[in-house]
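Observations on the three-dimensional arrangement
So the chains spell out like this:
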Amino acid sequence: MNKNIAVIRGDGIGPEIVNEALKVLDKAARLYGHTFTYTDVDMGGCAIDKYGDPLPESELKKCLESDSVLLGAVGGDKWNNVPGDKRPEKGLLRLRAGMGVYSNNRPAKIWRQLASASPLKPSIVEKGIDFIIVRELIGGIYFGEHKTSGDTATDVMAYSESEIERIGRIGFETARKRNKRLCSVEKSNVLDTSRLWKKVMIRLSEQYPDVELSHMLVDNCAMQIVKNPAQFDVIVTENMFGDILSDEASMITGSIGMIPSSSLGDTTVGLYEPIHGSAPDIAGLNIANPIGTILSAAMMLKYSFDMSDESDAIEKAVYDVLEEGYRCADIMPSDADTCTMVGCSEMGQLILDKLGGPSI
Ligand code: NAD
């Protein structure tokens, strides 16, 4: 299969971590008989320096013409004083809107080898943490009318059936590619939008008889994520609930450097990026953890290119490298006797060396 990937290295540690992910993608392509071509896209601070704009139309066009976009991270102190609409993060918002990605998908996975980094009790972590939160990204209360009149402020939360249905579909499709269990999270005991949400999910479930649908109130879900995270496979929820729950879920896994994400819309063209920022404090030092970006590339293969075997092989390579005790600085345990600390490029090379496949 031939795929054209738009590559945004961005700022700070972005170029370092993306380079490692590209090497892994290249090897996966060789092993499985694919051709990946890369189109470089300038976005963020580097684009401000070059064009005076964090995402010029010409760069956005390259993304829209690609089969998917891989992003490192953007931003940094250097651009803190540029006007609001020219800030590096504006480029990212414009990219998400331009691509029409209304679904943000963030896995919460604890790697067995990093269990001690979780703030949860070992008895909970031992049962395993491996779920995805599918969050509606461009609707709900963040996009409703906001107004303050006298001593009263109002924020409007509105959802239409079609908005719920399209994100619900992503939830069901994601569950289908995993363990076929979908938990729809809302607040239907109080909110009309949630009652509509639940109704649409139940209706949609008729089209996905192979997926087991359950329902949970958001306050209970917040408790269950720390009490018994092993129960979840895929969670689907609206924008604000998803914002809060996905941050909670990423905390229980231990390190920010390990977590990938994807954002998808109506097509298979997605935006894939680690959840962390550009980490200017460690940029250029070759100590950043590239695993979040490498796993983002693996997500791209699974969810945009339908290459599950290739994606699983990359995840297995990461697992094997961790199993052998190699760690970047951010995931190095304080009791380091059994682990070896490696830099960004060394970690990338180790994962590359472990990556196996059918070798055509
Ligand atoms: P950050 O995620 O960049 O860094 C927070 C801390 O985590 C830092 O100590 C950093 O060194 C560490 N860290 C982050 N990623 C790491 C990795 N892969 N390996 C090892 N350590 C890692 O958050 P911040 O410091 O609040 O923001 C820095 C810049 O990034 C800001 O300009 C912010 O606006 C931007 N940002 C960009 C994105 C994005 O591009 N999607 C997201 C968040 C923040």
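Located above this text is the structure these notes cover.
What you see is a predicted model, and the numbers here were worked out from it, not measured in a lab.

Analysis parameters
- Counting of residues starts from 1 at the beginning of each chain's written sequence and follows it residue by residue.
- Thresholds applied to this predicted model are a pLDDT of at least 70 for local features of residues and 80 or more for the giving and counting of side-chain atom pairs; totals over whole chains, interfaces and linings are not thresholded and use all residues.
- The basis for the side-chain values is all heavy atoms of the structure; hydrogens and waters are excluded.
- By convention a nonpolar core is built from buried Ala, Val, Leu, Ile, Met, Phe, Trp, Tyr and Cys residues, the set being connected through side-chain atoms within 4.5 Å.
- Note on exposure labels: buried denotes an accessible area under 20% of the residue type's maximum, exposed denotes more than 50%, and partly exposed covers the range between, all computed with a 1.4 Å probe on protein chains only.
- Throughout, an axis means a line fitted to C-alpha atoms (over the contacting stretch in the case of helices), and angles, computed between N-to-C directions, take values from 0 to 180 degrees.
- Each helix is a run of DSSP H or I of at least 4 residues and each strand a run of E of at least 2, with the numbering of both proceeding from the N terminus.
- Between 65 and 115 degrees an angle is taken as roughly perpendicular, under 35 as roughly parallel, over 145 as roughly antiparallel, and anywhere else as oblique.
- By definition, any crossing whose near helix is turned counterclockwise from its far helix by less than a right angle is left-handed, and any crossing with a clockwise turn is right-handed.
- Contacts were defined at the residue level, with two residues in contact if any of their heavy atoms lie within 4.5 Å.
- In the scheme used here, Gly and all other residues not listed as nonpolar or charged are polar, with Ala, Val, Leu, Ile, Met, Phe, Trp, Tyr, Cys and Pro taken as nonpolar and Asp, Glu, Lys and Arg as charged.
- Proximity is defined per residue: if any heavy atom of the residue lies within 4 Å of a molecule or strand, that residue is considered near it.
- A 3.5 Å cut-off defines polar contacts: any pair of N or O atoms within that distance qualifies, except that in protein one atom must be a possible hydrogen donor and the other a possible acceptor, and neighbouring residues in sequence count only when both atoms are side-chain atoms.
- The accessible surface values rely on the Shrake-Rupley method and a 1.4 Å probe; as for residues, cover is taken only from the protein chains in view.

1. Digging into the nonpolar core
Within the largest apolar cluster, 63 residues are counted, with the highest numbers of intra-cluster contacts made by Leu70 and Ile351. Formed by 20 residues, the second largest nonpolar core is a distinct cluster that contains Ile124, Val185, Cys221 and Phe241.

2. A closer look at the packing of helix α1 (residues 14-32) against helix α12 (residues 344-354)
Remark: α1 packs on α12, axes separated minimally by 9 Å, with the N-to-C direction vectors making an angle of 10°. For the element pair α1 / α12, the angle class is roughly parallel. Seen from above, α1 lies across α12 with right-handed handedness. The segment α1 lies against α12, with Glu16, Ile17, Glu20, Lys23, Val24 and Lys27 engaging Cys344, Ser345, Gly348, Gln349, Ile351, Leu352 and Asp353. When the residues that make up the contact of α1 with α12 are grouped by side-chain class, the tally is 5 nonpolar, 3 polar and 5 charged.

3. Some remarks on the site of the ligand
Near the ligand lie 20 residues; those nearest to it are Val74, Glu89, Gly277, Ala279 and Asp281. Separating an oxygen atom of the ligand from a backbone N or O atom of Gly277 is a distance of 2.7 Å. One of the side-chain N or O atoms of Asp281 is found 2.9 Å from an oxygen atom in the ligand. Protein coverage of the free-state accessible area of the ligand, which is 810 Å², stands at 67%. Looking at the shell around the ligand residue by residue, the class counts come to 9 nonpolar, 7 polar and 4 charged.

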